[in-house]
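Take a look at the letters that make up each chain.
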Amino acid sequence: MTSASPHPVITVSNLKPGMFVVGIISQRGEMEIAQSGLVSNERQIAALVARGVLRVRVDLSRSQLSQDKAPEATDKPGAPIPSMRAMQEPRVQGEGRELKIRRLYQEARELQGKFIRHLKAGEPIDITPLAAVAEEMVDTMFSHGDAMLCLARIRAKDAYLMEHSMNVAILLANFGRYLGLERNVLKELTLGGLLHDVGKIMTPDAVLNKPGKLTDEEFAIMREHVVHSHDILKATTGITPTMLEVAANHHERLDGSGYPRSLQGEQLSLYTRMSAIVDVYDAVTADRVYKQGMQPTQAFRILLKGAVTHFDEGLVTRFIKCMGVYPVGTLVLLSNQRLALVMQRNELTPLKPLVKVIYHAAQRHYLEVQLLDLAKPGVSETIESTVDPKDYGITLANFV
Ligand SMILES: [Fe+2]
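First, a word on scope: everything that follows refers to the structure included in this document. (Residues numbered from 1 in each chain as written. Predicted model: local features only at pLDDT ≥ 70, side-chain atom pairs only at ≥ 80, totals over all residues.)

**Examining the overall build of the protein**
Phase 1 of the analysis: For the protein, the helix and strand inventory stands at 11 helices and 9 strands.
Phase 2 of the analysis: Considering only intrachain contacts with a sequence separation of at least 6, the fraction spanning at least 24 residues in the protein is 66%. (Helix = DSSP H or I, 4+ residues; strand = E, 2+ residues; numbered from the N terminus. Contact = placed C-beta atoms within 7 Å.)

Structural data, given as structure tokens:
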């Protein structure tokens, strides 16, 4: 891409009145700025500089510039960051926090990656940083649960092990919180979730990422990951019995058909039962290189089908309730033919969450992004169905 791209990244010193900023790319200092809109005067640029902004992404198609003012790109442009907020408007409450949550998610992923690299290299491992991040994740789940869940839903196709572990951790924290478990337990469950599949580092890639059905022999190798997870964590300082349980038992099933120990009924504790539900939910909703993930509602059906035999029926029902009819991160079709992304659950009226309208389904084009509270008096739009973003070629990650 060259500077002729519609969304180049420029240094703030190259910013001119008339340019339309779609996002802040880098900045100095602690203060988080998440503004976008048309820059109408030099004063606004000076204010951005004063607040430590270093580089911004501009949308030339929405800028009101003469050709000679076209900026030099300093970065490769990526996907547009949709926003309709004008530069002059105050930032909506919580936007800075979302940035913080995104950073927390990123940090957790990085620490997890580091942990795995150290393990693979046979270097000494220390769970202290991961434990700290798990604690922060639980705290964030209490203050901004929906934003965390949104990140869990919008995932990358690569690095499945890490994404899956992150999501199991977040989903366990969310579920445990819904069940009223104590914070200390939630932290253990979260860290247990982050580490539950760590034994997969011992599973050969050919088996781990095989697109088709596994042979009996390959499946036996795959099942071994649970034993490896248990053994690795057992030998790790700071791992509690609850964390170990999540790692060792998440593939056990109520009727004894699970592995590795074929535990049955009462032998499966609450944490084991929770882990089994959450692990399956995330695995079937995940997009993999070789298969498309299911929509949450389909995943709920799988869980309900397996209730009693595989999963605790009461817990499945409660899990579905805690995720909501339209889980955060789900794309829905509204009655006015708009597609919107579910951003926040509404516990009182679950059919009316807060959504972000992004696309016109009938006319097949993007819309200016708009937050819409379906429960707000006077709002007549309702949700008609959930929609697969792939059917419209929409990448949800660009809208979170
Ligand atoms: Fe597993």
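**Observations concerning the packing of helix H3 (residues 128-153) against helix H5 (residues 183-195)**
Phase 1 of the analysis: Here H3 crosses H5 at 120°, and the two axes come no closer than 9 Å. For the element pair H3 / H5, the angle class is oblique. Both H3 and H5 take part in a crossing whose hand is right-handed. Contact residues: H3 offers Leu130, Ala131, Ala134, Glu135, Met137 and Val138, while H5 offers Arg183, Leu186, Lys187, Thr190, Leu191 and Leu194. (Axes fitted to C-alpha atoms, helices over the stretch in contact; angles between N-to-C directions. Parallel < 35°, antiparallel > 145°, perpendicular 65-115°, else oblique. Left-handed = near helix turned anticlockwise from the far one by under 90°.)

**Section: the environment of Pro350**
Phase 1 of the analysis: With respect to the helices and strands, Pro350 occurs in the loop between strand E6 (338-344) and strand E7 (354-360).
Phase 2 of the analysis: Put simply, Pro350 and Lys321 are 29 residues apart on the chain and 9.2 Å apart in space, counted from C-alpha to C-alpha.
Phase 3 of the analysis: Residue contacts for Pro350: discarding those within four places in its chain leaves Gly324, Val325 and Arg345.

**Describing the packing of helix H7 (residues 216-234) against helix H8 (residues 241-249)**
Phase 1 of the analysis: Interaxial distance between H7 and H8 falls to 7 Å at its minimum, and their mutual angle equals 160°. In this view, H7 runs roughly antiparallel relative to H8, as classed from their interaxial angle. Here H7 and H8 pass one another in a crossing that is right-handed. Contacts between H7 and H8 involve Val226, Ser229, His230, Leu233 and Lys234 on the former and, on the latter, Met243, Leu244, Ala247 and Ala248.
Phase 2 of the analysis: Here the contact of H7 with H8 is composed, by residue class, of 6 nonpolar, 2 polar and 1 charged. (Nonpolar A, V, L, I, M, F, W, Y, C, P; charged D, E, K, R; others polar.)

**Re helix H11 (residues 313-323)**
Phase 1 of the analysis: Within H11, the full set of buried residues consists of Val316, Phe319, Ile320 and Met323. The buried side chains of H11 occupy one side of the element, clustering within an arc of 95° when seen end-on. Counted as exposed and oriented over 90 degrees from the buried face of H11: Gly314 and Lys321.
Phase 2 of the analysis: Downstream of H11 by one or two residues, Gly324 has phi in the positive range, about 95°. (Buried ≥ 20, exposed ≤ 12 C-beta atoms within 10 Å, placed from the backbone. Arc of directions from axis to C-beta.)

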